Amino acid sequence: MINLRERIEHDLGVSLEGRWGLPVGLLDPDGSRQEVSGQIVYDIVRMNPETGEEMLANASVVVLRRSSLARIPVAGEKWLIDIPETPCLTASKIQYAMSPTRPPEGGRSIGFIRIYLQQVEQL
Amino acid sequence: MMNFRVVNAALINILGSATAGAFRVIGYRGQGHDSEEVRNLKRMVQVYCAFGDFPKSAGRQTGPAQHVLTFNIDFSVSSAARVNLAAINAPGATSLQIATALAGLQEASYEADVLLDELIDLTYQIVMDGRNFDLGMDKGVMSSRWVTRIQKDEPQPVGDLVTLTGRMVYTCQTVEEVAGDTGIVMGLRAVGTSIDIIGDDVEQTIVETRG
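The paragraphs below set out a description of the structure included in this document. Bear in mind the structure is a predicted one, so any value in this text is a computation, not a measurement.

Attention now goes to the overall build of chain A. If you tally the helices and strands in chain A, you get 1 helix and 7 strands. What you see in chain A, going N to C, is helices and strands ordered as α-β-β-β-β-β-β-β. Expressed as lengths along the three principal axes of its C-alpha atoms, the size of chain A is roughly 55 × 35 × 30 Å. Relative to its full complement of 123 residues, chain A shows a buried share of 40%. Here the analysis covers contacts within chain A between residues at least 6 apart in sequence; of these, 49% occur between residues at least 24 apart. Carbon and sulfur atoms make up 54% of the accessible area of chain A, which amounts to about 7,100 Å² in all. Here chain A contributes 13 positive and 16 negative side-chain charges, whose respective centroids are spaced 7 Å apart.

This part is about the packing of helix α1 (residues 3-17) of chain B against helix α4 (residues 108-127) of chain B. Residues and elements named next belong to chain B. Relative to each other, α1 and α4 sit at 120°, their axes nearing to 10 Å. Overall, the two elements α1 and α4 adopt an arrangement that is oblique. The way α1 lies across α4 gives a crossing that is right-handed. Only T123, I126 and V127 of α4 make contact with α1, whose side of the interface consists of L11, I14 and L15.

On to the state of the cysteines, then. Within the structure shown, the criterion is met by 0 disulfides over all chains. Free cysteine: B:C172, not disulfide-bonded; nearest cysteine sulfur from B:C49 at 8.3 Å.

The next subject is the interface of chain A and chain B. Often, the extent of an interface is quoted as the loss of accessible area on bringing the components together. Taken residue by residue, the interface counts 26 residues in chain A and 31 residues in chain B. Buried surface at the junction of chain A and chain B, summed over both partners, amounts to about 2,400 Å²; 52% is from carbon and sulfur atoms. It is A:K78, A:Q119 and A:E121 in chain A that bury the most area against chain B; as a group they hold 28% of the surface buried on that side. Counting across the interface, chain A meets chain B through 2 salt bridges. B:R39 is the salt-bridge partner of A:E121, the closest N and O atoms lying 2.7 Å from each other. At the level of secondary structure, the elements contributing two or more residues to the side of chain A that touches chain B comprise β2 (33-47), β3 (54-65), β5 (93-98) and β7 (112-122) of chain A. Relative to strand β4 (residues 81-83) of chain B, β7(A) runs parallel, the two sharing 3 bridges. Within β4(B), the residue paired with A:V120 across the bridge is B:A81.

Before going further, it helps to examine the nonpolar core. Core analysis: the largest hydrophobic core is formed by 31 residues, its most contacted members being B:I73, B:V127, B:L135 and B:Y170. Mapped onto this core, the elements with two or more residues apiece are α1, β2 (44-53), β3 (65-79), α4, β5 (142-152) and β7 (161-176) of chain B. With 7 residues, α4(B) is the single largest residue contributor to this core. With sequence-adjacent residues up to four places away left out, B:I73 is seen in contact with B:L15, B:V45, B:Q46, B:V47, B:T123, B:V127, B:G166, B:R167, B:M168 and B:Y170. Ranked by size, the runner-up nonpolar core spans 17 residues in total, among them A:L22, A:Y42, A:I113 and A:L117.

About the cut-offs
- Residues numbered from 1 in each chain as written.
- Chains lettered and ligands numbered in written order.
- Predicted model: local features only at pLDDT ≥ 70, side-chain atom pairs only at ≥ 80, totals over all residues.
- Heavy atoms only, no water.
- Helix = DSSP H or I, 4+ residues; strand = E, 2+ residues; numbered from the N terminus.
- Buried < 20%, exposed > 50% of the residue type's maximum accessible area, 1.4 Å probe, protein only.
- Contact = heavy atoms within 4.5 Å.
- Areas by Shrake-Rupley, 256 points an atom, 1.4 Å probe, with all protein chains shown as cover.
- Lys, Arg positive; Asp, Glu negative; His and termini not counted.
- Charge placed at Lys NZ, Arg CZ, Asp CG, Glu CD.
- Axes fitted to C-alpha atoms, helices over the stretch in contact; angles between N-to-C directions.
- Parallel < 35°, antiparallel > 145°, perpendicular 65-115°, else oblique.
- Left-handed = near helix turned anticlockwise from the far one by under 90°.
- Disulfide = S-S within 2.5 Å.
- Buried area = accessible area lost by both parts, 1.4 Å probe.
- Salt bridge = Lys/Arg side-chain N within 4 Å of Asp/Glu carboxyl O.
- Pairing = 2+ DSSP bridges.
- Core = buried A, V, L, I, M, F, W, Y, C linked by side-chain atoms within 4.5 Å.

If you want it as structure tokens, here you go:
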């Protein structure tokens, strides 16, 4: 019998990478690519500080299962992450950079990593 | 019209006509903007009169008064990160080539900072240009123009872009005249109607009354 944390980690294979998972490409600072499956949130609800109104901001966030990653992104590293432009398996991919202003969240005990993305343009 | 409005319009006009596509100018303090709206060369300059001081003079209780004007010139820029995507996505690129290109990634906050510095530079050069000493107005309307402060705020990640705002404070002096009550100007009113006049078969007689 496995313990609760193992159970949770095992369930990530379904909740993050199961039928609802979307393809995520990772390019690490060493130039190695990896394709995994994960959950993507394309917009977040924010509060407009001037008016107090809620608004929807384009801010993509990727949640991945740590145990599926060959290398875990660390704050301060330069990673490129490509995700489908829309939440559709056949959508064309768009590249983002891992946000340097908001470090990745998650941890070993919880089994996932949440990565905040920043738009990237040709230099 | 008070002269501060004339100076305000002239300042907007001078900045707006000298942008050369490098930024946008609006002549009022706008509400919140989408970060996408001020991205890269869509960076925005908002010009508005923030406040004015009227130094009181014992000898000038009536008549023209000196008006020391303070204009805020607000800057808004946003940017994405930049990296050599062509090298990274080139077919056949080696890991070493990709890693080298990736190492050159410029953070969005750095890019926004560069855009803002450039915007401050452009604006300063325009408003402090000797040819714009009078903002293109007749001599005597304004004087003592000066940029008293340049300020940059904290970069803010907004969505998947980074926005950066700043401000330039522009001061000058003018004179305000009191023209008196403008009163109400009665416009001419014309009332057109037709009346039934015996003998006017086609009823085309028009009677106009003016008041």
